[in-house]
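Below, each chain spelled out in residue letters.
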Amino acid sequence: MPGTFTPSTQYLDRPGGRLAFDDTVQGDGAPVVLLPGMLDSRAAYRHLRPLLVAAGRRVITLDLRGFGESSIAWDDYSPAAIATDVLALLDHLGIGRAALVANSYTGATVVKVAGDAPERVAGIVLLDAFVENLPPNALQRAMFGVMGALLVHSPAFWGLYHRRMAYPGAKPADLDAYVDGLVAAMRTPGRKQATRGYVHGDSAPTGWTAAVTCPALVVMGGKDPDFPDPAAVADRQAAALKARKVMIEGAGHYPMADQPQATADALLPFLAELA
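A. Main features of the packing of aromatic side chains. Inspection of every chain in the model, using the stated rule, returns six aromatic pairs. Ring centres 5.0 Å apart and planes at 70° place the aromatic pair tyrosine 105 and tyrosine 198 in the edge-to-face group. Residue tyrosine 105 is found in the loop between β5 (98-103) and α3 (107-116), and its partner tyrosine 198 is found in helix α7 (residues 191-199); the two are separated by 93 residues along the sequence. Classification of tyrosine 105 by relative accessible area gives buried; the value is 1%. Three or more aromatic residues link up through ring pairs in this structure, and these residues are Phe67, Tyr77, Tyr105 and Tyr198. Sitting over the ring of tyrosine 178, arginine 46 keeps its end group 3.7 Å from the ring centre. A cation over a ring is seen here: lysine 112 above tryptophan 208, with NZ or CZ 5.0 Å from the ring centre.

B. Structural detail: the pairing of strand β3 (residues 28-35). For β3, the buried fraction is high: six of the eight residues fall into the buried class. Two strands pair when backbone bridges link them, and β3 and strand β4 (residues 57-62) are joined in this way by four bridges, in the parallel orientation. Across the sheet, the residue bridging to aspartate 28 is arginine 57, located in β4. What joins β3 to β4 is helix α1 (residues 49-54), and the crossover it makes is right-handed.

C. Layout of the sheet that holds strand β6 (residues 121-127). On the basis of which strands lie adjacent, the open sheet formed by eight strands has the order β1-β2-β4-β3-β5-β6-β7-β8 and mixed pairing. This sheet does not close on itself; its edge strands, each paired only once, are β1 (10-14) and β8 (244-248). Going across the sheet, the axis of each strand differs from the next one's by a mean of 20°, ignoring polarity. The pairing of β3 with β5 spans four bridges and is parallel. Counted as the bridge partner of valine 33 is leucine 100 from β5. Across the face of the sheet, helix α8 (residues 230-241) comes into contact with β6, β7 (216-221) and β8 while running at roughly 175° to β7.

D. Just the pattern of salt bridges, in detail. If you walk through the whole model with that rule in mind, you get 15 salt bridges. Measuring nitrogen to oxygen at the nearest pair gives 2.9 Å for the salt bridge that ties aspartate 85 to arginine 14. With aspartate 85 in helix α2 (residues 79-93) and arginine 14 in strand β1, this pair connects stretches of sequence that are 71 residues apart. Grouping residues by exposure puts aspartate 85 and arginine 14 together as buried. One salt bridge connects aspartate 116 with lysine 112, and the closest N-O pair in it is separated by 3.4 Å. Here the residue aspartate 116 and the residue lysine 112 both occupy positions in helix α3, the gap between them amounting to four residues, near one helical turn. The class of lysine 112 is partly exposed, set by a relative accessible area of 23%.

The rules behind each value
The residue numbers shown here count from 1 along each chain, following its written sequence. Given that this is a predicted model, residues contribute local features only at a pLDDT of at least 70 and side-chain atom pairs are listed and counted only at 80 or more, while totals for whole chains, interfaces and linings are drawn from all residues. Think of the side-chain values as coming from all heavy atoms in the structure, minus any hydrogens and water. Stacked, edge-to-face and tilted labels apply to pairs of Phe, Tyr and Trp rings (six-membered ring for Trp) whose centres lie within 6.5 Å, assigned for plane angles under 30 degrees, over 60, and everything in between, in that order. Here a helix means four or more residues in a row that DSSP labels H or I, a strand means two or more in a row labelled E, and each is numbered from the N terminus. Categorising residues by exposure relies on relative accessible area from a 1.4 Å probe, with only protein chains included: less than 20% of the type maximum marks a residue as buried, more than 50% marks it as exposed, and the intermediate range marks it as partly exposed. We call a charge positioned over a ring when the NZ of a Lys or the CZ of an Arg lies within 6 Å of the ring centre and within 35 degrees of the ring normal. Criterion used throughout: strands pair if DSSP finds at least two bridges between them. Crossovers are described as right-handed under a simple rule: with the strands pointing away from the observer, the path leading from the first strand over the helix to the second runs clockwise. Here, axes are lines fitted to C-alpha atoms. For helices the fit covers the stretch in contact, and angles between N-to-C directions go from 0 to 180 degrees. By definition in these notes, contact holds between two residues if any of their heavy atoms fall within 4.5 Å. Counted as salt bridges are all cases of a side-chain nitrogen of Lys or Arg within 4 Å of a carboxyl oxygen of Asp or Glu.

These figures capture arrangement, not role.
Structure (structure tokens):
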């Protein structure tokens, strides 16, 4: 049946390591590349991908450096480094132009790709990204520092965040099993290096949006706990990118998992217009 096909893992060798990805191969329009957030895997899109495939899209999901089935140890885990991986993946697959969808940390990545290689990007979608975030105050900076240290040294804290904070409304039926997998992955030998690389990476660089000229869509969960005012951040992103904005009421930091149908309903009309 449409949308039930699960493609097998493929690999792309890069200087410094190997990246895991999958590709449905078939689909109309510009291929869609889905990038997860930090400390996550491409399975973050496990509920959204079938909806996009069922709608006739070619969908590619990528494991970031250090997580999923990609190599753990890299010299650089920054959004800019991941941007070079995205372009290398498009080259590897012989794709001239693609739509790029990113969650959280990798929002900066797709903005970077769109600014550096506009001819390769049909459009970008930010899902609860940190791009153009509100400047943190002193208390928030201190809290981010404490949270970063906890993530590096206590994988259980990542599980607590997902179970108690990231999904303030509806929760995916498979959340407990999924979070158990995330925590187990963080306990893999050597994973602290990757975790530290993401925690100390700049997920909200300034100025990158100025170079973006392609169509953009901003999707934000109305109850995202990562932002004191999710709507205000979405407004800033939409203004900077001249983008359309969609708020998904009740959704948290991962709308593609807690409200996949609403997320697909936001993405599909936008993707259809990119032709």
